[in-house]
Amino acid sequence: MQDIILVAADEAAKVQGYGAIGYGLAAIGPGIGIGILVGKALEGMARQPEMAGQLRTTMFLGIAFTEALALIGLVAGFIL
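The name given to the chain in an unreviewed UniProt entry is ATP synthase subunit c, and the organism recorded there is Corynebacterium oculi. Regarding the chain, the relevant UniProt record gives this comment under Subcellular location (unreviewed entry): "Cell membrane". According to the UniProt record, the Sequence similarities (unreviewed entry) comment for the chain is "Belongs to the ATPase C chain family."

Notes on the overall build of the chain
When its secondary structure is counted, the chain shows two helices and zero strands. Taken over 80 residues, the chain has a buried fraction of 16%. With the model as given, the accessible surface of the chain reaches about 6,100 Å², and the carbon-plus-sulfur share is 72%.

Observations regarding a nonpolar patch on the surface
Together, Tyr 18, Ile 21, Leu 25, Ile 28, Ile 32 and Ile 36 make up an exposed nonpolar region whose accessible area comes to about 660 Å². Residue classification places Leu 25 among the exposed positions, given a relative accessible area of 58%.

A short note on the pattern of salt bridges
Taken as a whole, this structure holds two salt bridges when the rule is applied. With its nearest N and O atoms 4.0 Å apart, the salt bridge here joins Glu 43 to Lys 40. Of this pair, Glu 43 and Lys 40 are both found in helix H1 (residues 2–47), three residues apart, which corresponds to roughly one turn of the helix. When its relative accessible area of 36% is taken as the criterion, Glu 43 is described as partly exposed. Glu 43 serves as the salt-bridge partner of Arg 47, at 3.5 Å between the closest nitrogen and oxygen. In this pair, Arg 47 and Glu 43 both sit in helix H1, four residues apart, roughly one turn of the helix. Each of the salt bridges in this network shares a partner with another, and the network as a whole consists of Lys 40, Glu 43 and Arg 47.

Quick notes on the UniProt feature "transmembrane region" (unreviewed entry) in the chain
Listed under "transmembrane region" (unreviewed entry) in the UniProt record, and renumbered for this structure, are residues 20–38 and 59–79. The annotated region residues 20–38 carries 100% helix and 0% strand content, and the separation between its end C-alpha atoms amounts to 27 Å.

Observations concerning the side chain of Thr 66
Turning to its location among the elements, Thr 66 is positioned in helix H2 (residues 52–79). The class of Thr 66 is buried, set by a relative accessible area of 14%. Beyond its immediate sequence surroundings of up to four residues, Thr 66 is in contact with Pro 30, Gly 33 and Ile 34.

Definitions and cut-offs
- Residues numbered from 1 in each chain as written.
- Predicted model: local features only at pLDDT ≥ 70, side-chain atom pairs only at ≥ 80, totals over all residues.
- Heavy atoms only, no water.
- UniProt positions renumbered as here; feature names shortened; annotations may be inferred.
- Helix = DSSP H or I, 4+ residues; strand = E, 2+ residues; numbered from the N terminus.
- Buried < 20%, exposed > 50% of the residue type's maximum accessible area, 1.4 Å probe, protein only.
- Areas by Shrake-Rupley, 256 points an atom, 1.4 Å probe, with all protein chains shown as cover.
- Patch = residues over 30% accessible without salt bridge, like charges linked within 9 Å, V, L, I, M, F, W, Y side chains within 5 Å.
- Salt bridge = Lys/Arg side-chain N within 4 Å of Asp/Glu carboxyl O.
- Contact = heavy atoms within 4.5 Å.

Here it is as structure tokens:
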């Protein structure tokens, strides 16, 4: 009976590790997305400096939406 409990505890520990791996993988996408977004916004500001204000506002909105994906990944990691 004790062996069954130990096996169940080992399986529970493995499932918790998968959540951490899942969040790590989920954070890669938003990280790449934010990098591309900021790079393109800076490129646009360099090409048309008069549009810098509008580009900056749009960039921050894009960062917020992209960062929401990372938070969803974090929550899913805790749930699973």
